[in-house]
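Structure at a glance
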Amino acid sequence: MTSGTPPSEERLNVTQLFQQHYDGLYRYLIRLTGDSDLAADAAQEAFVRLVERPPQDRHVRAWLFAVATNVVRDNARARARWVTLLMGSPDRAPMGDVAPGPDAAAESAERRKVVRAALDRLSWKERTVLLMREEGFAHHEIADAVGTTTGSVGTMIARALNKLAGELAQTSESLR
Amino acid sequence: MTLSTGSRHLGDDDLIAYMDHQLDREAMRLGGVHLRTCAECAERLEGLRQKSAVATEWLSLLDPGAPDPARRAAAQAAMERARFRRPSAVPLGAAWMKAAAAIVLMVGVGVATEPGRAFVADGIVRASGGNPGPTATRMLEWLGQRRQLAPVAMAPVRLAPPPPPPAAAAAPAADRAERSARPAPPAAKPGMSAPVRFLPAGPDVTLTFASVQSVGIAQVWIREVPQASAQVVTHYRGEEMVTSASGLEVRNREGSRADYTIIIPARYRYIRVRVGDAPEVLIHISKSKQEWIWTVNLQTSALQ
């Protein structure tokens, strides 16, 4: 698990921080929201807040992810838009960088739709802890981001993994 | 993080924490011991590992390619704009603390240094219209400026006899420059020194002291201006100049005829001068006051 360097060292150069963390934050937000516009908006807002109100006592990377997560969660308008978009186009999440053939593209789109749906059936906290764990954050950093105790993060991760694996196992069977 | 206790088996939270290396060293050791001896927990751990790997694989399907360059550039531009519109990186509380510290420092310097005390005292006298009341007087006494301030507010001190009128302020600048360049006129009669003049000139204030006396000692003492320089420009018999940390003293030890030039940096807004045995005088060096003139009454000088 990586946690970055302390803010006193990191905060000196926000341009460098942007270069280091923007892509990872954007990827996480795409996974979290399934909406590239919403992900870009939240990522931008997190970096603007980094300049306006830099963290005093937290690692910058964890702080950025927590702020962006809160931006997505607390933005009712964006969330409503997100739900609408998901209902209208569940596979709207951006494509990978490989251009597959027609059959492969269709299957890939189907699998993305499945995993997107499986993620959406998790609670907000379960989805957040799972995705932040995938980004390599320590449990205490995840706990800070979702507002819970470090001890309960492991429980939520296990529950999310069990739920997601169950959903995906069923889908894998149906896709065969 | 430590392992939870009270159960024969490890909980899912313990297994996840173990798998993610989030336990402290001792808990990791105990977890490893347990997992080597408990097949059930080891099996559950393996199951969680497989689920985690599956989740990682499936979640990667959602990964975008490189972010849209336009959105990325827009985000960076927004961040840069925020940098420039941010009023200050210093929290408001810290700014107030700095302002308070600056005020305390200014007051401290104001009363701890002679120029500062003189400046404060000058302000008190001016605020009181040149006639300090009891409170102002006590403040002046506390500042040690009471007796020195009176001459500052008055016309140039003239010890004896009345010097030529200080017409320099009204004279054209060229005329003043010409007069400041030429030596001070000699004393009119024995027993009196020549006039002692302070003339602002550029970044310095020049004191010209033409000592012409047949008896006694002529002395000019400038306190707390150790950076002043002085030189005798004519005659060298019986003259004495002493510079020290407490100031500069220039005097004749006997009947003399000598011209002195003393240069005082004009950054000294106040200097203390004692001419002969006259009381010490605080001089406010300002461009508006072009000239000060004293003469030394040698016959009443305590140094004779």
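Residues numbered from 1 in each chain as written. Chains lettered and ligands numbered in written order. Predicted model: local features only at pLDDT ≥ 70, side-chain atom pairs only at ≥ 80, totals over all residues.

Residue and element names in this part refer to chain A. For helix α7 (residues 124-134), the tally of buried residues reaches eight of 11 residues, placing the bulk of the element in the interior. Those residues of α7 that fall on the buried side of the exposure criterion are E126, R127, T128, V129, L130, L131, M132 and R133. Among the residues trailing α7, G136 stands out with phi positive, at a value near 90 degrees. (Buried ≥ 20, exposed ≤ 12 C-beta atoms within 10 Å, placed from the backbone. Helix = DSSP H or I, 4+ residues; strand = E, 2+ residues; numbered from the N terminus.)

All names here are of chain B. Over its 21 residues, helix α3 (residues 39-59) extends 30 Å from the first C-alpha to the last, a length consistent with the 30 Å expected when each residue adds 1.5 Å. Among the residues making up α3, those that are buried are C41, L45, L48, K51, S52, A55 and W58. The buried side chains of α3 occupy one side of the element, clustering within an arc of 150 degrees when seen end-on. Turned more than 90 degrees off the buried face of α3, the exposed positions are A39, E43, Q50, A53 and E57. (Expected span 1.5 Å × (residues − 1). Arc of directions from axis to C-beta.)

Here we come to the confidence of the model for chain A. Residues and elements named next belong to chain A. Per-residue pLDDT for chain A has a mean of 79; in total, 74% of the residues score no lower than 70. Considering each helix and strand of chain A separately, the mean pLDDT is smallest for helix α1 (residues 7-10), with a value of 45, and largest for α7, with 92. Segment residues 82-99 is flagged for pLDDT under 50; beyond a separation of four residues in sequence, or across chains, it makes 29 contacts in the model. (pLDDT = per-residue confidence, 0-100. Contact = placed C-beta atoms within 7 Å.)

Now for the packing of α7 of chain A against helix α8 (residues 139-146) of chain A. Residue and element names in this part refer to chain A. At a closest axis distance of 10 Å, the pairing of α7 and α8 adopts a crossing angle of 145 degrees. α7 and α8 meet at a crossing whose hand is right-handed. Here α7 contributes K125, T128, V129, M132 and R133 to the contact with α8, which in turn contributes I142, A145 and V146. Residues of the contact of α7 with α8, tallied by class, amount to five nonpolar, one polar and two charged. (Axes fitted to C-alpha atoms, helices over the stretch in contact; angles between N-to-C directions. Left-handed = near helix turned anticlockwise from the far one by under 90°. Nonpolar A, V, L, I, M, F, W, Y, C, P; charged D, E, K, R; others polar.)

Glancing now at the environment of L131 of chain A. All names here are of chain A. If you trace the backbone, L131 turns up in helix α7. Judged by C-beta crowding, with 25 C-beta atoms within 10 Å, L131 ranks as buried. As a C-alpha pair, L131 and R31 span 100 residues in sequence and 7.4 Å in three-dimensional space. Once residues within four sequence positions are removed from consideration, L131 is found in contact with Y28, R31 and L32.

Here we come to the nonpolar core. L25, L29, A43 and A68 of chain A are the most contacted members of the largest nonpolar core, which has 66 residues in total. The element best represented in this core is helix α2 (residues 14-33) of chain A, accounting for 10 residues. Apart from the residues lying within four places of it in its own chain, the contact partners of A68 of chain A are L25, L29, A42, A43 and A46 of chain A. In this structure, L248, V273, L282 and I283 of chain B belong to the second largest nonpolar core, which totals nine residues. (Core = buried A, V, L, I, M, F, W, Y, C linked by C-beta atoms within 7 Å.)

Mapped onto the elements, R44 of chain B comes out in helix α3. When the C-alpha positions of R44 of chain B and L10 of chain B are compared, they lie 9.3 Å apart, and in sequence the two are 34 residues distant.

Residues and elements named next belong to chain A. Orientation of α2 relative to α7, taken along the N-to-C sense of each, is 150 degrees, at an axis distance of 10 Å. Taken together, α2 and α7 sit at an angle that is classed as roughly antiparallel. The handedness of the crossing between α2 and α7 is right-handed. Across the interface between the two elements, Y28, R31 and L32 from α2 touch R127, T128 and L131 from α7. (Parallel < 35°, antiparallel > 145°, perpendicular 65-115°, else oblique.)

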